[in-house]
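Fold and contact review
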Amino acid sequence: MGQREMSGKAIIGIDLGTTNSLVAAFGPDGPTLIPNALGEVMTPSAVGYGDDGAILVGRPARDRLLTHPELTTARFKRYMGTHHEVVLGKKGFRPEELSSLLLRSLRADAETHLGHPVEEAVISVPAYFNDVQRKATITAAEFAGLKVNRLVNEPTAAALAYGLQDREAESTFLVVDLGGGTFDVSILEMFSGVMEVRASAGDAFLGGEDFTDALAAELGRQLDLQPKDTSREEGARLRSLANRLKHQLSEKAEATADYVIKGEGRAVSITREKFEEITDDLLKRMRMPIQRAISDASLRADDLHRIITVGGATRMQAVRNLITRLFKRFPEHSIDPDHVVALGAAVQAGLAARHAALDDVVMTDVCPFTLGYEVSVPLGPNRWEAGHFAPLIERNTVVPASRANDISPVEQNQREINLVIYQGESPFVRENVRIGTLRVPLPADIKADKTVEVRYTYDTSGILEVEATPAATKKTQRMVIEGTPGSMTRADIDKRLKELTALKIHPRDEQENAAIIARLRAAYENSLGDHRQYIGQLIAQFEAVLHTHDKRNIQDARTQIGEILNQFGNEDVF
Ligand code: AMP
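Bear in mind that the values here come from a model prediction, so they are computed numbers and not experimental data.

What to know about the overall build of the chain
- Looking only at helices and strands, one finds 15 helices and 27 strands in the chain.
- The C-alpha atoms of the chain give a radius of gyration of 26 Å, which matches the 25 Å a tight globule of 574 residues would have.
- Based on the C-alpha atoms only, the size of the chain along its principal axes is roughly 90 × 55 × 55 Å.
- Accessible surface for the chain amounts to roughly 25100 Å². Of this, 49% is attributable to carbon and sulfur atoms.

Here we look at the sheet that holds strand S20 (residues 383-393)
- In spatial order, the strands read S20-S19-S23-S24; together these four strands make up an open sheet with antiparallel pairing. If you trace the sheet from one side to the other, it starts and ends with S20 and strand S24 (433-441), each paired once. Recorded for the sheet is a direction-independent mean angle of 35° between the axes of neighbouring strands.
- For strand S19 (residues 371-380) and S20, the ladder comprises eight bridges, and the chain directions are antiparallel. Across the sheet, the residue bridging to Gly372 is Pro391, located in S20.

A few points about helix H11 (residues 340-352)
- For H11, built from 13 residues, the straight-helix expectation of 18 Å at 1.5 Å per residue is met to within 8% by its first-to-last C-alpha distance of 18 Å.
- Counting buried positions along H11 gives 12 out of 13 residues, so the element sits mostly inside the fold.
- Burial in H11 covers these residues: Val340, Val341, Ala342, Leu343, Gly344, Ala345, Ala346, Val347, Gln348, Ala349, Gly350 and Leu351.
- A positive backbone phi angle near 55° is found at Arg354, which sits one or two residues after H11.

Overview of the nonpolar core
- Residues Leu174, Leu178, Leu245 and Met286 are the most contacted members of the largest nonpolar core, which totals 44 residues.
- Considering every element that reaches this core, the biggest residue donor is helix H9 (residues 280-296), with six residues.

A word on the site of the ligand
- Neighbouring the ligand are 14 residues, the closest being Thr19, Glu209, Lys246, Ser250 and Ala313.
- Glu209 places a polar side-chain atom, nitrogen or oxygen, 2.6 Å from an oxygen atom of the ligand.
- Interatomic distance of 2.8 Å between a side-chain N/O atom of Lys246 and an oxygen atom of the ligand.
- Protein burial of the ligand: of its 500 Å² of free accessible surface, 89% is covered by the chains.
- Elements with a contribution of two residues or more to the shell around the ligand: helix H6 (208-222) and helix H7 (232-249).

Things to note about unusual backbone geometry
- Looking along the chain, the bond that leaves Val399 and enters Pro400 is cis, with omega of 0°.
- Among the secondary structure elements, Pro400 is positioned in the loop between strand S21 (398-399) and strand S22 (401-407).

Some words on the environment of Thr279
- Following the sequence through the fold, Thr279 ends up in the loop between helix H8 (272-278) and H9.
- Sequence-wise, Thr279 and Ser192 are 87 residues apart; in three dimensions their C-alpha atoms are separated by 41 Å.
- In contact with Thr279, other than residues within four places in its own chain, are Phe211 and Ala214.

What to know about the domain arrangement of the chain
- Here the chain is partitioned into domain 1 (371-488) and domain 2 (508-567).
- One C-alpha centre belongs to domain 1, the other to domain 2; they are set 59 Å apart.

Comments concerning the environment of Thr548
- In this structure, Thr548 sits in helix H14 (residues 529-548).
- A residue is classified by how much of its surface remains accessible, and Thr548, at 46% relative accessible area, is partly exposed.
- As a C-alpha pair, Thr548 and Glu189 span 359 residues in sequence and 60 Å in three-dimensional space.

Remarks on the pattern of salt bridges
- In the structure shown here, the tally under the stated rule is 39 salt bridges.
- The partner of Glu332 in a salt bridge is Arg306, with the nearest N and O atoms 3.0 Å apart. Residue Glu332 is found in the loop between helix H10 (317-327) and H11, and its partner Arg306 is found in strand S17 (residues 306-310); the two are separated by 26 residues along the sequence.
- Its relative accessible area of 25% is what places Glu332 among the partly exposed residues.

Here's the deal with H9
- With 17 residues, H9 extends 26 Å from end C-alpha to end C-alpha; this agrees with the ideal 24 Å at 1.5 Å per step.
- Here the buried face of H9 lies against strand S12 (171-178), strand S13 (183-191), strand S14 (194-203), H6, H8 and H10.

Calculation criteria
- Residues numbered from 1 in each chain as written.
- Predicted model: local features only at pLDDT ≥ 70, side-chain atom pairs only at ≥ 80, totals over all residues.
- Heavy atoms only, no water.
- Helix = DSSP H or I, 4+ residues; strand = E, 2+ residues; numbered from the N terminus.
- Rg over C-alpha atoms; globule rule 2.2 N^0.38 Å.
- Areas by Shrake-Rupley, 256 points an atom, 1.4 Å probe, with all protein chains shown as cover.
- Pairing = 2+ DSSP bridges.
- Axes fitted to C-alpha atoms, helices over the stretch in contact; angles between N-to-C directions.
- Expected span 1.5 Å × (residues − 1).
- Buried < 20%, exposed > 50% of the residue type's maximum accessible area, 1.4 Å probe, protein only.
- Core = buried A, V, L, I, M, F, W, Y, C linked by side-chain atoms within 4.5 Å.
- Near = heavy atom within 4 Å.
- Polar contact = N/O pair within 3.5 Å; in protein donor to acceptor, adjacent residues only side chain to side chain.
- Contact = heavy atoms within 4.5 Å.
- Domains from an automatic or database assignment.
- Salt bridge = Lys/Arg side-chain N within 4 Å of Asp/Glu carboxyl O.

Rendered as structure tokens:
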């Protein structure tokens, strides 16, 4: 430990979530969470421009989603691995850039807390993230000046945190991880410090936010708001209301709130029953990956010793009921589901730094999906049909893994093979995810041996390397991702890095003030009458105190206003 501290080479663990992100480090007392500038361990995954044109990250940005939707954004993890740009003010941001601003802020928090520079991180990603999404995460880290030691699958990280608590136990457990935007299921086996992932399955487009969307649509119907006539501001407020009610429903059978619409206060309410009814499709989608993971691990539900829930969205009663029904027992969540992935990422960071306390711990993971390539199959003499999928690394193979196969051209006079790489479980490539192409030149000589050895190597971060070696030339081609939807070229990366460096970032020590103002403004918009007037006065008072530049006064005012806002208790919404 001492040596690592001296060399300043600590590796941090980061949970880069859809709704919240966390950073943790492994120390003498095991993994611990690191607080941000506001003293909170959860940093909302939100980014935006402040009034002074500087970038705000975390809570102050999140609270401005309501008041400044054109300048603020959240939930960008969903766009990782796509070309979708979010426009803030006049500038377009790629999802890697938004994530990098968040990572940069977490890195600064870690450096302040640990007291030395941090250049390396273990970052968790949904197990179901594909190659392009994983590479996008590595690019985001590079933008933030962080080297990725390893990407760890979120449910695996959660299992590491649980496994460490009880490392001598022999048990098989299932981790159900429903985060803001993704759903993952993993089955792990543990014996004398060895933790082995047996199977993973999931859905990269199913998360707690879909439940919020379904509820927002229902509330829109109750309030007679037509989606096409709803402004961006109104949409953001409605979503925030839906989120608040969704959270309430985790505690009680009926949730109610007042909503201001066109200057008029309206009462809205929703019961758990109705919520379950409108989210029934989403709940059904959770069953398949659970069943697949169990059958891939060649187990039955009864063979599982523990069922562990991870991710904020597993707090929903409907989700807990589903799991209880499926396994005929209650799921466990002894470690806070919001914290467990970051804690596990820090354990992985401790393993990577060869921390003495983790000497006897070994972790193995699997590739959660099948990787292969497109082939043509013969339909008759000289008749071929393209579009078929040939698996090379099958899902749930232990990683790192390397597999090779020989392929041959369809025509004898072919001068190149265009190897198209896919991920997925369907026999048809059109139903799988395309992750890249590789052009392999073939010898001109008609008589030459035209077979090509294709080799896939899948590393512990879930990154795929593809090589192709023609038998005749023995010249190996490595995959260059060309025109793959969503990936960035080296030139793009360098250009964007320059632009990012030029951005003005809101000073860390002023973040608390920005956060209080954003909270006050959101509370102002959400209230009416005397209440609203009172918040208006608080805003004016706080701005006056800020003008005094007296640190002590400012801090006292912040604490006082924070307490008042906590009593209202309804502006903490996203
Ligand atoms: P994560 O990505 O793990 O932080 O999960 C965040 C998701 O969990 C978001 O969709 C939240 O709205 C949801 N969530 C967090 N707390 C609760 C709660 N008490 N009840 C229902 N959903 C929650």
